[in-house]
Amino acid sequence: MKVLVFNCGSSSIKFQLFSMPEGDVIAKGMVQRIGEKGSDASMKRGNDEIKLVREIKDHTEGLSVIEHMLTDPAKGAVKSMDEIGACGHRVVHGGEGFTASMLIDERVEKVIEEYCDLAPLHNPPNLTGIREAKKFLPSVPQVACFDTAFHQTIPETAYLYALPYELYEKFKVRRYGFHGTSHRYVAERGAALLKKPFDQFDAITCHLGNGCSMAAVKNGKCVDTTMGLTPLEGLVMGTRTGDFDPAIIFYLERKGYSLDDVDTLCNKKSGLLGISGVSNDVRDLEEKAAKGEGRAALALEIFAYRIRKYIGAYLAVLNGANAIIVTGGIGENGPIMRKRIFSGMEKLGIILDASKNTASVKEGEIQASSSAIKLMVVPTNEEGAIARDTYAIATKK
Ligand code: ADP
């Protein structure tokens, strides 16, 4: 069966076409800058590439451009859209309603709509993508895969904030966590690589991309995660603060900042960018740090320190772990950052092997033989996980 996976953002649609159950990628591409000047679309199938630059005014038009690319007689991936058997969608916020991926019906759409309030940048475009895809592929099952679903096993001791309980009852203020599809995928893959049954696997997973989060996984179930009500909490990120004293907000307000100013400051101007003053990109900062420029090294050290602090916290939560897994652009490609992270924890049984770490490891173990805890790099594959869930739901009898 061919399964099409969509990840719809406010101005972009990423897509991948899979052959299932093998999980092979037939084609992948994206439409960017929808509704802006200079929209463009591209698709790759093997060595063939299609590139288009034209105005794409909305998601409906974006999907029709994707249909044209997929069915292109020379470089396309299918003869007709009828070959597609199911369609999977990444949905950021599923709230408390969903513990797993779901076949989309009216109720599922309604819940995604209800959580637009909590994920105003993500759920509305996710929903638009679903509604447009239903028109575009009316007779195939559509499946929603939620970033929040894997975290729904977190107990209330870890998901409740110490705020008045009514705020949870009235407004559902609690920790939800995000990147769940990635945490689940790398945890399952890590267990498989170590030949451990997933339901007996304890791990700390670190998704380190532009957004960063960690999860504590006990017996294959998530028991805590660093992101909270929104993706702002937890680790230092490219442009987000992660944890900080919320009283800073009141203090800044008294200093003349508006709430909108502080929102922008915390989400877009902080993190690696805010500390270094020059970049949110770990590659740029490593280059500058190597030359001793500015506050690049300081920003990277603060980033790594926060991760170490959570490793300590999660080792306590889990009472030890089989493995610590890193993934995302930084975790998968950054040996220098991995070294910064996994330093000074020998007494906890965490010892990196310097040469395994720097060898261009794509997937596998990078700990020294004396390390009690396995340290692993596992490339994430959120789209592949969505395709797998979509296929399973679409073929369920
Ligand atoms: P997103 O969360 O947008 O999917 P990615 O997972 O692609 O982001 O991660 C982006 C981050 O990965 C950036 O900070 C980038 O600097 C970092 N990164 C990518 N390649 C490397 C590399 N070779 N070395 C260090 N960091 C890298």
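Every value quoted in this text rests on a predicted model; they were computed, and no experiment measured them. Counting from 1, residues in each chain are numbered in the order their sequence is written. For a predicted model such as this one, the threshold for reporting local features is a pLDDT of at least 70, and the threshold for listing and counting side-chain atom pairs is 80 or more; totals across whole chains, interfaces and linings nevertheless cover every residue. Side-chain numbers here rest on the full set of heavy atoms in the structure, without hydrogens or water.

K.L.:
What should I look at first to understand the pairing of strand S4 (residues 40–45) in this one?
P.N.:
Walk down a regular strand and you will see the side chains alternate between the two sheet faces. Only strands joined by at least two bridges in the DSSP assignment are considered to pair. By the criteria applied, helices consist of DSSP H or I runs no shorter than four residues and strands consist of E runs no shorter than two, each listed in order from the N terminus. Bridge count for strand S3 (residues 24–32) against S4 is five bridges, and the pairing is antiparallel. In the sheet register, Met 30 faces S4, and the bridge partner there is Ser 42. As defined by bridge partners, S4 adjoins strand S5 (residues 48–53) across six bridges and the pair is classed as antiparallel. Note that in S5 the partner of Lys 44 across the bridge is Glu 49. Between S4 and S5, which pair antiparallel and follow one another directly, the connecting turn spans two residues, one of which, Gly 46, has a positive phi of 60 degrees.

K.L.:
Explain the pattern of salt bridges to me, please; I cannot follow it from the model alone.
P.N.:
In a structure, side chains of opposite charge can pair up when their charged atoms sit close to one another. The salt bridge criterion pairs a side-chain nitrogen of Lys or Arg with a carboxyl oxygen of Asp or Glu, the two atoms within 4 Å. The final tally for this structure, using the stated rule, is 24 salt bridges. The closest approach of N and O atoms between Arg 184 and Asp 389, which form a salt bridge, is 2.8 Å. Placement of Arg 184 in helix H6 (residues 180–193) and of Asp 389 in helix H15 (residues 382–394) is noted, with a sequence separation of 205 residues between them. Exposure class is identical for Arg 184 and Asp 389. Each is buried. Two residues, Arg 340 and Glu 301, come together in a salt bridge whose shortest N-O distance is 3.1 Å. Taken together, the residues Arg 340 in helix H13 (residues 335–341) and Glu 301 in helix H11 (residues 296–318) connect sequence positions 39 residues apart. Residue classification places Arg 340 among the buried positions, given a relative accessible area of 15%. Relative accessibility under 20% of the residue-type maximum defines a buried residue, over 50% an exposed one, and the middle range a partly exposed one, all with a 1.4 Å probe and only protein chains included.

K.L.:
Looking at this model, I keep getting lost on the packing of aromatic side chains. Mind explaining?
P.N.:
Two aromatic rings from Phe, Tyr or Trp, using only the six-membered ring of Trp, form a pair when their centres are within 6.5 Å; if the ring planes differ by under 30 degrees the pair is stacked, by over 60 it is edge-to-face, and anything between is tilted. For the structure on display, the rule yields six aromatic pairs. Geometrically, the ring pair formed by Phe 198 and Phe 201 is tilted, given 6.5 Å between the ring centres and 40 degrees between the ring planes. Classification of Phe 198 by relative accessible area gives partly exposed; the value is 22%. The interplanar angle of 55 degrees and the centroid separation of 5.7 Å between the aromatic rings of Tyr 310 and Tyr 314 together place this pair among those described as tilted.

K.L.:
Any chance you could explain the pairing of strand S10 (residues 212–218) here in plain terms?
P.N.:
Counting buried residues in S10 gives six out of seven residues, a clear majority hidden from the surface. Of the strand pairs in this sheet, strand S9 (residues 203–208) and S10 are connected by six bridges, and their pairing is antiparallel. What sits directly across from His 207, in S10, is Ser 213. Two elements, S10 and strand S11 (residues 221–225), share four bridges in a ladder whose sense is antiparallel. Residue Ala 216 lies in a different strand from S11, and its bridge partner there is Asp 224. Hairpin connection, S10 to S11: the antiparallel pair is bridged by two residues, and Asn 219 has positive phi, about 50 degrees.

K.L.:
Sorry if this is basic, but what is going on with the state of the cysteines here?
P.N.:
Two cysteines, two sulfur atoms, one covalent bond between them: this is a disulfide. Cysteine sulfur atoms are paired as a disulfide whenever they fall within 2.5 Å. In the structure shown here, the tally under the stated rule is zero disulfides. The thiol of Cys 206 is unpaired, and the distance to the nearest cysteine sulfur, on Cys 212, comes to 9.7 Å. Taking the relative accessible area as the measure of exposure, Cys 212 reaches 0% and is therefore buried.

K.L.:
What is the right way to read the site of the ligand from this model?
P.N.:
What makes a residue near a molecule or strand is one non-hydrogen atom of that residue sitting within 4 Å of it. In the vicinity of the ligand, the contacting residues are Gly 209, Asn 210, Gly 211, Asn 280, Asp 281, Val 282, Arg 283, Gly 328, Gly 329, Ile 330, Asn 333 and Gly 334. In the analysis that follows, any N or O atom pair within 3.5 Å is treated as a polar contact, provided that within protein one partner can donate a hydrogen and the other can accept it, and provided that, for residues neighboring in sequence, both atoms belong to side chains. A distance of 2.5 Å separates an oxygen atom of the ligand from a polar atom in the side chain of Asp 281. Val 282 places a polar main-chain atom, nitrogen or oxygen, 3.0 Å from an oxygen atom of the ligand. Here the ligand has 580 Å² of accessible area as a free molecule, and 66% of this is covered by the chains. Of all the secondary structure elements, the ones that give two or more residues to the shell around the ligand are helix H10 (282–290) and helix H12 (328–333). Of the residues forming the shell around the ligand, the biggest block, four residues, is contributed by H12. Only the protein chains shown count as covering a residue, and every accessible area follows the Shrake-Rupley method with a 1.4 Å probe.

K.L.:
Mind showing me how you'd approach the sheet that holds strand S6 (residues 84–91) here?
P.N.:
Within a beta sheet, neighbouring strands are joined by backbone hydrogen bonds and run either parallel or antiparallel to one another. Taken in spatial order, the eight strands of this open sheet run S5-S4-S3-S2-S1-S6-S8-S7, and their pairing is mixed. Two strands bound the open sheet, and with one partner strand each, they are S5 and strand S7 (102–103). Pairing of strand S2 (residues 13–19) with S3, which is carried by seven bridges, proceeds in the antiparallel orientation. Among the inter-strand pairings, Leu 17 is bridged to a residue of S3, identified as Ala 27. Contacts are assigned to residue pairs with any non-hydrogen atoms lying within 4.5 Å of each other. Think of each axis as a best-fit line through the C-alpha atoms, taken over the contacting stretch in the case of a helix, with angles from 0 to 180 degrees between the N-to-C directions. Strand contacts of helix H1 (residues 59–70): strand S1 (2–8), S2, S3, S4, S5 and S6, with the helix running at about 35 degrees to S2, the strand carrying the most contacts.

K.L.:
Before we go on, may I ask you to explain the sheet that holds strand S13 (residues 364–365) in this structure?
P.N.:
The six strands are arranged S11-S10-S9-S12-S14-S13 in an open sheet whose pairing can be described as mixed. Where the open sheet ends on each side, the last strands, each with one partner, are S11 and S13. Pairing geometry for S9 and strand S12 (residues 323–327), over five bridges, is parallel. Residue pairing for S12: Ala 203 is matched across the bridge by Ala 323. Lying over the sheet, H11 contacts S9, S10, S11 and S12, oriented at roughly 15 degrees with respect to S10.

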